[in-house]
Amino acid sequence: MFKRLGELGATLTIKVDGRDIRARIGDTVAAAMLAAGIDRCRTTPVSGAPRAPYCLMGVCFDCLVTIDGVGSRQACLAPVREGMTVETQIGKREAGR
Amino acid sequence: MAAEEYDVAVVGGGLVGIATAWGLSREGLRVAVLDEGDRAVRASRGNFALVWVQSKGLGLAPYADWTIRSSNAWGGFSDLLKQETGLDVCFQRPGGFHLALSEKELEARAGILKRLHNQPGIVDYKTEILDHSQVAKMLPDIGPEVVGASYCPLDGHVNSLRLFRTLHTAINARGVDYLPSHRVENITREGGVFRLATSQGDVRAGRVALAAGNANMRLAPMVGLEAPMKPERGQIVVTERLRPFLNYPVVTLRQTDEGTVMIGDSKEESTDPTGLTLGVSATEAERAVRLFPLLANVNVVRTWSAIRVMTKDGFPIYDESETHPGAFVLCCHSGVTLAANHALTVAPMIARGALDTALVAPFSARRFHVQEAG
């Protein structure tokens, strides 16, 4: 769906639902997921409808994912780090994660 | 406003008022509910939604019976509402906990329960003191600092915002006239008919039931009644929706049917409902994390403060006027817990025209006269 503008440049690798994704250093988790073609980052707690990153500026809270075991992180505000583990979040978050 | 005369005018469109109006409508009466507008200070929108029994009645034993009566009637009450409206208020009664974070807290808790049960005429509601391992069997996520708890099998909770909506839906379907933005400025009685003056005109009714929360203090003297109140502020912290982990309500913390965790049991002597103080929220959150450490990383999505309806001694007031026959006053802190009583017990009394003294005489405001004389 999305294409990167220009060269990818220096990259690192994160895991999204067990799959290795190449990301550009400086990407947010949301940008890296969208660039990799992952357009569903969670399902909602109430109806289970799929959600994708929307505002990309920390306002809408639609891009919530689990990052390194911590749930409900805003993917659009978290910069990627080498070895980061990201999971899509299904429905309500589990307390303690 | 047409010159229609109602059988009963209920003043106050919060939980106490609309539960009473619903009950009066079930008795076949023509009812109007006079309410303030959307910006009214309204405990029904801010409360914690417990249907709570344990520790009620210390200092006034009949309050324990009265509370248990409502707790026992709550299941049938919610079924009736569901039949009428199709809406589920999510009443659950798994029993409830009061958790202690130190031996001193647990001893204080046990002392309160002992004094409560030692009162003459008190009904035994089977509250037990449990140690850490007994509590952990029922609440596996408690933290190591929890030394024990009191547990009462009669405690429960409900979705109180849905209760508020459901009762409004029910009274509307029954033809009760809900009159918003009708703040009552004055009440007079002429020729056996009450005239309630509002900025939108007068409303006339054969009987009046004052259910306006802390505002009963202003209204009650207009019809020869009294309602000494002592409002206080509480603050609540609400988390994001979480998968169910807490199967029992705790007096300071509960997981709602929708998954959010509500935290809060603060008390402040303030009547400003717009004020929130970080210190209070932080203390509530800190205790919540000590009770349930898995809450440490959870996101808070809302905080609010609300004004508790509170009589001067904390116990309900139900009275009928001697000087203005047909005028009644209903005041209580626990509009959620006692909703079943207001709908199914008090409303029929008002419909019959007289309070049943065997049930509610202990809750007359006359009790305050003795204290003032002393």
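These figures come from a predicted structure and were not determined experimentally.

## Quick notes on the overall build of chain B
Thinking step 1. Each helix and strand in chain B was counted, giving 11 helices and 17 strands.
Thinking step 2. Dimensions of chain B, computed from the C-alpha atoms along their principal axes, are close to 65 × 45 × 40 Å.
Thinking step 3. Sequence-distant contacts, at least 24 apart, represent 73% of the contacts inside chain B between residues at least 6 apart.

## Here we look at the overall build of chain A
Thinking step 1. The helix and strand inventory of chain A stands at 1 helix and 7 strands.
Thinking step 2. Listing every helix and strand of chain A by position from the N terminus yields β-β-α-β-β-β-β-β.
Thinking step 3. Relative to the globule expectation of 13 Å for 97 residues, the C-alpha radius of gyration of chain A, 13 Å, shows essentially globular dimensions.
Thinking step 4. Counting only C-alpha atoms and orienting by the principal axes, one finds that chain A spans roughly 40 × 25 × 20 Å.
Thinking step 5. Burial statistics for chain A: of 97 residues in total, 35% are counted as buried.
Thinking step 6. Within chain A, contacts between residues at least 6 apart in sequence are counted, and of these 41% link residues at least 24 apart.

## So, the sheet that holds strand β12 (residues 232-239) of chain B
Residue and element names in this part refer to chain B.
Thinking step 1. Spatially, the 4 strands line up as an open sheet ordered β13-β14-β12-β15, and their pairing is antiparallel. Looking at the sheet topology across the chains shown, the edges are occupied by β13 (253-255) and β15 (300-308). Sheet twist, expressed as the average angle between the axes of neighbouring strands with direction ignored, equals 20°.
Thinking step 2. Where β13 and strand β14 (residues 261-263) come together, 3 bridges link them in antiparallel fashion. Looking across to β14, one finds that Leu 253 is bridged to Ile 263.
Thinking step 3. Together, β12, β13, β14 and β15 form the strand contacts of helix α8 (residues 278-291), whose direction differs from that of β12 by roughly 55°.

## Here's the deal with the packing of helix α1 (residues 15-26) of chain B against helix α9 (residues 339-352) of chain B
All names here are of chain B.
Thinking step 1. Viewed as axis vectors pointing N to C, α1 and α9 meet at an angle of 55°, and their least axial separation amounts to 7 Å. With respect to α9, the axis of α1 lies oblique. Considering how the two elements wind past one another, α1 and α9 form a crossing that is right-handed. Within the contact between the two elements, α1 uses Leu 15, Val 16, Ala 19, Thr 20, Trp 22, Gly 23 and Leu 24 and α9 uses Ala 339, His 342, Ala 343, Leu 344, Val 346, Ala 347, Pro 348, Ile 350 and Ala 351.
Thinking step 2. Among the residues making up the contact of α1 with α9, the classes are represented as 13 nonpolar, 3 polar and no charged.

## Section: α9 of chain B
Residue and element names in this part refer to chain B.
Thinking step 1. The end-to-end C-alpha separation of α9 is 19 Å, in line with the 20 Å expected for 14 residues at 1.5 Å each.
Thinking step 2. Of all the bends in α9, the largest measures some 35° and sits at Val 346, one to four residues before the proline Pro 348.
Thinking step 3. Listed in full, the buried residues belonging to α9 are Ala 339, Ala 340, Asn 341, His 342, Ala 343, Leu 344, Val 346, Ala 347 and Ile 350.
Thinking step 4. Remark: Gly 353 follows α9 within two positions and exhibits a positive phi of approximately 95°.

## Brief notes about the pairing of strand β10 (residues 193-198) of chain B
Residue and element names in this part refer to chain B.
Thinking step 1. Of the strand pairs in this sheet, strand β9 (residues 184-190) and β10 are connected by 6 bridges, and their pairing is antiparallel. Residue pairing in the sheet places Glu 190 in a bridge with Val 193 of β10.
Thinking step 2. Once β9 ends, the chain turns through 2 residues before running back antiparallel as β10, passing Gly 191 with a positive phi of about 55°.
Thinking step 3. Where β10 meets strand β11 (residues 201-210), 5 bridges bridge the pair, whose relative direction is antiparallel. What sits directly across from Thr 198, in β11, is Gly 201.

## A look at the sheet that holds strand β5 (residues 128-131) of chain B
Residue and element names in this part refer to chain B.
Thinking step 1. Here 3 strands make up an open sheet; going across it, the order is β4-β6-β5 and the pairing antiparallel. Edge positions in the sheet fall to β4 (96-100) and β5, since each has one partner strand and no second. Here the strands of the sheet are splayed against their neighbours by 25° on average, with no regard to which way each runs.
Thinking step 2. Looking at chain direction, β4 and strand β6 (residues 148-152) are connected through 5 bridges and run antiparallel. Directly across from Ala 100, in β6, lies its bridge partner Gly 148.
Thinking step 3. Where helix α4 (residues 103-117) meets the sheet, its contacts fall on β4, β5 and β6, and the angle it forms with β4 comes to roughly 135°.

## Here we look at the nonpolar core
Thinking step 1. Residues Ala 9, Val 11, Val 208, Leu 210 and Leu 330 of chain B are the most contacted members of the largest nonpolar core, which totals 107 residues.
Thinking step 2. Dropping the residues within four chain positions of it, Ala 9 of chain B is found in contact with Ala 32, Leu 34, Phe 194, Leu 196, Val 203, Ala 205 and Val 208 of chain B.
Thinking step 3. In this structure, Ile 14, Ile 21, Met 33 and Ala 78 of chain A belong to the second largest nonpolar core, which totals 21 residues.

## Regarding the environment of Leu 101 of chain B
All names here are of chain B.
Thinking step 1. By secondary structure assignment, the location of Leu 101 is in the loop between β4 and α4.
Thinking step 2. With 15 C-beta atoms counted inside 10 Å, the residue Leu 101 sits in the partly exposed group.
Thinking step 3. For the pair Leu 101 and Ile 350, spaced 249 residues apart in sequence, the C-alpha to C-alpha distance is 45 Å.
Thinking step 4. The contacts of Leu 101, once residues within four sequence positions are left out, are Glu 145, Val 146, Val 147 and Arg 290.

## Observations regarding the domain arrangement of chain B
All names here are of chain B.
Thinking step 1. Annotation of chain B at the domain level lists domain 1 (5-50 + 161-228 + 314-373), domain 2 (96-153) and domain 3 (232-308).
Thinking step 2. In this structure, domain 2 and domain 3 have C-alpha centres spaced 21 Å apart.
Thinking step 3. The interface is formed by 12 residues belonging to domain 2 together with 10 residues belonging to domain 3.
Thinking step 4. Per-class residue counts for the side of domain 2 that touches domain 3 are 7 nonpolar, 3 polar and 2 charged.

## Comments concerning the environment of Thr 357 of chain B
Thinking step 1. For Thr 357 of chain B, the location among the structural elements is in helix α10 (residues 357-360).
Thinking step 2. Considering only alpha carbons, one finds Thr 357 of chain B and Asp 319 of chain B, 38 residues apart in sequence, at a separation of 9.6 Å.

## Some words on unusual backbone geometry
Thinking step 1. A positive phi angle is found at Leu 56 of chain A, which is not glycine, with a value near 60°.
Thinking step 2. If you check the backbone angles, Cys 90 of chain B has positive phi at about 60° while not being a glycine.
Thinking step 3. Within the secondary structure, Cys 90 of chain B sits in the loop between α3 (61-85) and β4.

## Here we look at the pairing of strand β1 (residues 11-16) of chain A
Residue and element names in this part refer to chain A.
Thinking step 1. Alignment of β1 against strand β2 (residues 19-24), held across 6 bridges, turns out to be antiparallel. Its bridge partner being in β2, Leu 12 is matched across the sheet by Ala 23.
Thinking step 2. Between β1 and β2, which pair antiparallel and follow one another directly, the connecting turn spans 2 residues, one of which, Asp 17, has a positive phi of 50°.
Thinking step 3. As defined by bridge partners, β1 adjoins strand β7 (residues 85-90) across 2 bridges and the pair is classed as parallel. When the bridges of β7 are listed, Lys 15 appears paired with Thr 85.

Rules used in this analysis
- Residues numbered from 1 in each chain as written.
- Chains lettered and ligands numbered in written order.
- Predicted model: local features only at pLDDT ≥ 70, side-chain atom pairs only at ≥ 80, totals over all residues.
- Helix = DSSP H or I, 4+ residues; strand = E, 2+ residues; numbered from the N terminus.
- Contact = placed C-beta atoms within 7 Å.
- Rg over C-alpha atoms; globule rule 2.2 N^0.38 Å.
- Buried ≥ 20, exposed ≤ 12 C-beta atoms within 10 Å, placed from the backbone.
- Pairing = 2+ DSSP bridges.
- Axes fitted to C-alpha atoms, helices over the stretch in contact; angles between N-to-C directions.
- Parallel < 35°, antiparallel > 145°, perpendicular 65-115°, else oblique.
- Left-handed = near helix turned anticlockwise from the far one by under 90°.
- Nonpolar A, V, L, I, M, F, W, Y, C, P; charged D, E, K, R; others polar.
- Expected span 1.5 Å × (residues − 1).
- Bend = angle between axes of the 7 residues up to and from the residue.
- Core = buried A, V, L, I, M, F, W, Y, C linked by C-beta atoms within 7 Å.
- Domains from an automatic or database assignment.

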